[in-house]
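Descriptive analysis of the structure
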Amino acid sequence: MTTDQPAIRVMVVDDHPMWREAVARDLADAGCEVVATAGDGREAVRRAPAAAAQVVVLDLNLPDLPGVEVCRQLMGQQPAPKVLVLSASGEQADVLEAVKSGATGYLVKSASREELLDAVRRTAAGDAVFTPGLAGLVLGEFRRLAVAPSPDDSRGPAAPRLTDRETEVLRLVAKGLSYKQIADRLVLSHRTVQNHVQNTLGKLQLHNRVELVRYAMERGLDDDR
Amino acid sequence: MGSGRPGDGFSVEQPLWRAFSAFRLLTALYAVGRYAGDSKYYDHRLAAWVFMGVLTLWTVATMRVFASPERCGWNWLSADLGLIVVGNLLTRAFDSPANLAVAVTLPTIRAAASVLGFALRGGWRPATLAAVVVGLANVAERGRLDWTNAHNIVLLLVAGVAIGYVVELARAGERALATALEIQAATRERERLARDIHDGVLQVLAMVQRRGAEVGGEAGELGALAGEQEIALRTLIGEGLAPNPSYQAPRRPLRKPGAEPDPGAEQDLRALIGPLAGSRVTVSAPGTPVLLPDRTATELSAAVSAAVDNVRRHAGPRAQAWILVEDEPGEVVVSVRDDGPGFAATRLGEAEREGRLGVSQSIRGRLRDLGGSAEISSAPGQGTEIELRVPRQRRS
């Protein structure tokens, strides 16, 4: 379905040359246009605007900047690229932070070439790319927000909540079911499942932005005094 | 303090030698002053003055030499000691034989400075030797051993031995400190290296897994092994927790050997279940600790282990399993799902009776003991899922 469309512009950020090249090669072989590669966070942030990549494949484990910070800075650029986190297992907290600050996908490094290509295509198309691990993290985050003490004043944003259906879908993703299997089981269309997953991310990212703005405003008010 | 090289800024050596050099000068001045007061008792005053002049000149001229451990060798110390001995002996030659009022030798306590030099240089043994030499010269000057010079000799010996001993201790301490600093630096360097190397190794392992899976066949097996090792290593480095690379369910979940069981203690369930992850097992959990009382966490993770074991036994060694840990306000839910063939719901009781789900009995038993429940569901072609629920006690 992507054959008629122009090649996806991808930037690959990984401090490990072997990985960087392998991923770039795989993407190029599959018809993507690798517009830039970077070996550290600063380089990535510097090159991204000129490269105008649609998708940044980002390793969170970078030598100079935390991957989360790189993600945040990429999100601040105009136009902001879509970020697909390609990271090793065992960096769960970082992954959650990256997703909250705008990354729309997560894939473990052990994923196959096909999974990577599929993930890049879906990320470019604006879909959220979830692994079971990410679904578990997102579920946990919503629960944490729900039970966390609400902000002292009523002006604070209410904790975001998942609908029952969204929770159901996320739980099935976390248990390793594919979107198609989920669609079959819940008698939904594939697209609907995709939308539910997407919405959960959207809520999380919106909440994160609101929190950041609130924090900035509080700081600003404090400074005026 | 971690920035200093061994011996940097901690040295007792330099201050000691500087103090020693100053002590030499002060004692020499004292000797001159003392002689100025006592000169009336001497017969050969001019000759004695000449000696005092030589002693003072020597002391002042060699100040720099005696102020540093590198320059002040045994020859300098011996020359200094020789001059003191000569001074002691000259005292007898210069003073009036009838007059015993001169209780002190020409160099007087300047002799002690010479002995201290030996103490600084070589510790208490050379100091003792030097003190004995000075003492003998004293006795020779007096012509006999009496209370006065015995007293002086003992004082000299005590000072030499004590200072020499303290200097040896200080040096040993300094060496120990230097060694400790070296070890510390080496450890830090090793840790840094380990991080770098490990990260490289992990990347290569992950790459082998990825490529192996693409090539398939035997390479795929190899890749799967590499993947398991990668997860194992990463867990080891990241949390210091030994993971379970062979995908063998631990019957006795991790517990510190010999640790006192504390009924109030809580454990992070993720830490107990995490090691089950492997190339065929995916563990999904919240990003924050899932705390449960010690015993509950242990029992629950043992049940999860049994469930994962069950997957391998009944769904085949190639089956994938997914573990989902959920931390809800009222309960903790752990689901274990596999992608095996599964079975129709109507056959569940039958399968259980056949012992096909034998392990499920023990799982159910464990969960019942915890006040929770275990639910098994399956559909043909959709794998089997077991959901373990443990109620959470009200936190006070």
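Look up: the structure comes first, before these words.
All figures in this text were calculated on a predicted structure; none of them were measured in a lab.

1. So, the sheet that holds strand β1 (residues 9-13) of chain A
All names here are of chain A.
- Judged by pairing direction, the sheet is parallel, and its five strands sit side by side in the order β2-β1-β3-β4-β5 without closing on themselves. Both edges of this open sheet fall to β2 (33-38) and β5 (105-108), since each of them pairs with a single strand only. Going across the sheet, the axis of each strand differs from the next one's by a mean of 20°, ignoring polarity.
- By the bridge criterion, five bridges tie β1 to β2 in an arrangement that is parallel. Considered in β2, the bridge of Val-10 is made with Val-34.
- Of the strands in this sheet, β1, β2 and β3 (55-58) are in contact with helix α1 (residues 17-29), which crosses β2 at around 170°.
- Of the strands in this sheet, β1, β2 and β3 touch helix α2 (residues 41-51), which is tilted by about 155° from β2.

2. With respect to helix α6 (residues 124-142) of chain B
Residues and elements named next belong to chain B.
- Between its first and last C-alpha, α6 extends 26 Å over 19 residues, near the 27 Å set by a 1.5 Å rise per residue.
- Within the sequence span of α6, burial applies to Trp-124, Ala-127, Ala-130, Ala-131, Val-133, Val-134, Gly-135, Ala-137, Asn-138 and Glu-141.
- Of the residues one or two after α6, Gly-143 is the one with positive phi, at around 90°.

3. Remarks on the environment of Ala-265 of chain B
Residues and elements named next belong to chain B.
- Tracing the backbone shows Ala-265 in the loop between α8 (218-239) and β1 (266-268).
- Judged by the 13 C-beta atoms lying within 10 Å of it, Ala-265 is partly exposed.
- Separated by 26 residues in sequence, Ala-265 and Leu-291 have C-alpha atoms that sit 9.5 Å apart.

4. Structural notes on the interface of chain A and chain B
- The partner chain B presents 31 residues to the 29 residues of chain A that form the contact.
- Counting residues per element, the ones that place at least two in the side of chain A that touches chain B are α1, α4 (92-100), α6 (132-147) and α7 (164-174) of chain A.
- Broken down by element, the side of chain A that touches chain B gets its largest block of residues, 11 residues, from α6 of chain A.
- Counted by class, the side of chain A that touches chain B contains 12 nonpolar, 10 polar and seven charged residues.

Calculation rules
Residues numbered from 1 in each chain as written. Chains lettered and ligands numbered in written order. Predicted model: local features only at pLDDT ≥ 70, side-chain atom pairs only at ≥ 80, totals over all residues. Pairing = 2+ DSSP bridges. Helix = DSSP H or I, 4+ residues; strand = E, 2+ residues; numbered from the N terminus. Axes fitted to C-alpha atoms, helices over the stretch in contact; angles between N-to-C directions. Contact = placed C-beta atoms within 7 Å. Expected span 1.5 Å × (residues − 1). Buried ≥ 20, exposed ≤ 12 C-beta atoms within 10 Å, placed from the backbone. Nonpolar A, V, L, I, M, F, W, Y, C, P; charged D, E, K, R; others polar.

These results come straight from atomic positions and should not be treated as a statement about function.
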